[in-house]
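Residue-level structure breakdown
One letter stands for each residue in the lines below.
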Amino acid sequence: MCDTSEGPTVSGMRRSPGHMRMAQDLHDVVAHSLSVIAVQAGVGLHLLDRQPAEAGRALDAIRATSRTAAGELARLVDILRTGDAADVVPVPSLDGLDALVAQVRSAGVAVTFTVEGDLDGVPAGVAAATFRIVQEALTNVVRHAVSGEACVGVRIADGHIELRVDDGGPGAHAPASSTRATTPGTESATEPGGHGLVGMYERAAAYGGAVHAGPRPGGGFRVEGSIPFTAAETAGVRPPNGSAGISVERLRVADELHTIVMRSIAAIAHQAARHPDVELDPTAARDTLSAISTVSRDALDELRGLIRRVRSDPAR
Amino acid sequence: MTTTTSTPIRVVVADDQALVRSGFLALLRSEDGIDVVGEAANGYEAVKVARAQKPDVILMDIRMPEMDGLEATRLITADPSLRAVRVLVLTTFDLDAYVHEALRVGASGFVLKDTLPADLLAAVRVVASGDALLAPSITRRLIEDFVSRPIGPRHDPRLDQLTTREREVLTAVAKGLSNAELADALFMSVATAKTHVGHLLTKFSARDRAQLVVVAYETGLVEPGHR
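All chains use their own residue numbering, which begins from 1 and follows the written sequence. For naming, the first written chain is A and the first written ligand is 1, with later ones following in the order written. pLDDT decides what is reported in this predicted model: residues at 70 or higher carry local features, side-chain atom pairs at 80 or more are listed and counted, and totals for whole chains, interfaces and linings draw on all residues regardless. Excluded from the side-chain calculation are hydrogens and water; included are all heavy atoms of the structure.

Contacts: residue pairs with any heavy atoms within 4.5 Å of one another. Contact residues are listed per partner, giving 49 residues for chain A and 41 residues for chain B. Buried area between chain A and chain B, summed over both chains or domains, comes out near 3,600 Å², and the portion from carbon and sulfur atoms is 57%. Note on definitions: salt bridges are taken to be side-chain nitrogens of Lys or Arg within 4 Å of carboxyl oxygens of Asp or Glu. The interface formed by chain A and chain B includes 1 salt bridge. A salt bridge links Arg 304 of chain A to Asp 114 of chain B; the shortest N-O distance between them is 2.4 Å. Identification of polar contacts relies on pairs of N or O atoms within 3.5 Å, with a donor-acceptor requirement for protein atoms, meaning one able to donate a hydrogen and the other able to accept it, and with residues adjacent in sequence counted only if both atoms are side-chain atoms. For the pair chain A and chain B, the interface holds 8 residue pairs in polar contact (both at pLDDT 80 or more). The helix count covers DSSP runs of H or I at least four residues long, the strand count covers runs of E at least two residues long, and both are numbered beginning at the N terminus. Elements with a contribution of two residues or more to the side of chain A that touches chain B: helix H1 (17-47), helix H2 (52-81), helix H6 (197-206), strand S4 (210-215) and helix H9 (282-312) of chain A. Top contributing element to the side of chain A that touches chain B by residue count: H1 of chain A, with 11 residues. Here the buried area means the combined drop in accessible surface, using a 1.4 Å probe, for two parts upon being joined, counting both sides.

All names here are of chain B. The parallel open sheet is built from 5 strands, whose spatial order is S2-S1-S3-S4-S5. Both edges of this open sheet fall to strand S2 (34-40) and strand S5 (109-112), since each of them pairs with a single strand only. The mean inter-strand angle of the sheet, taken between neighbouring strand axes irrespective of direction, is 25 degrees. When DSSP finds two or more bridges between two strands, those strands count as paired. Sheet analysis places strand S3 (residues 57-61) next to strand S4 (residues 86-91), joined by 5 bridges and oriented parallel. Residue pairing for S4: Ile 58 is matched across the bridge by Val 87. All axes here are fitted lines through C-alpha atoms, helices being fitted over the stretch that makes contact, and every angle between N-to-C directions spans 0 to 180 degrees.

Coordinates in, geometry out; function isn't part of it.
Written as structure tokens, this is what we have:
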């Protein structure tokens, strides 16, 4: 069986918010690699007898994907171990929204920006996720904007933070008081919003929130989201000197995430490296694909369980 | 092996991850009784291909750039020319909020991307035929979660248009019974069961079986927690 030694874990490393954000980002990408690997392994197994060439392609795809994911994890480990992540990734917080909006204005987009509620009351992780989502949405506005107008609204109320970024069109305004991030259906074929939507969803979901993106009824594109938080959580992460902290529970979740992902990618890479020839040794190919399918699906189940626990208890 | 000469199920695959898309395409193409008629890498393409090809089933990834799968599903279910298209939502992380929304706007069901191929193919067949709900107990639980209980008079006038038999069939459908199961339970032939379900779909302008379940809860015919 493959080497089950842990290797370096997140707990052995620096744990500033900057590091945590980078860890989150890279883990998100790796988690989606697991999904790709699971699909390819399943299909390869299913078609092994009838279409061995497809099984061979699946093994190649798995090898490439796991290699990339392993590389990303290695890079993550490096970053977490060495240096100050604040140099690499400035800690995103809601204080940065003003500067962000100013940047977008200097890029030629007229931005209406409103904030309602107490930004200081938002825990660091949720604030960072919100900032990143708004940043991603505005990056897309700058890239794809047709109207040259955008409307950004952030609202804190009742234990959640709401955000809305509207690209162009008349009548854009701050978020309505609703926690459901939905957009009414529309038949109009408006110009697309942006890329990076997966990252937005993931960031919100990690904190038990949700993001929705789609065309607006009046024209243009809308990204809106809502992320919950608890007062206890806020209290737990506000050290007196004002620098953002991270709750013990979040670190535990991050460690668990890292462990699941690390183990599964290592196991898959090990299996894929066997490089069985489907034509010459179909038995070995079957065993390899079967093992990879099991490992990737188990890891995804564990990640889902983790996300469900995080969502059901936002204080975690 | 079946000897029916039913026409193949026409399927479109919409997923932004190229390797997921190509994997599902290879799987579906290899299957007798299923024809792949298009693919899409984002919601915009998904809607365009759906309108051009009018497939029986579209596998729709929720998270895609340009336009996500939820929005694409809304556009498809709102389009009268696409009444017969069944949307089967694909997801990596089955976050309830997204799945609720998908069902609410007319998806027929959802599957995890890492579902084993045999189960994925079965899911495509189930939603194409409409004879049963996909993952009945999960689907019903999700529908229960998002349907608001009827307030005011317990009697919903929409139920007046139903015959007694139709009420019985609708109740059975809402309990998650397949056509074969409800035919058994209600002492009718499967053909009769299908006819009743067809009438119910028409009377409620319901898109598919899952939407009939929504109606059953909305009208108060079935209460949440009713098993």
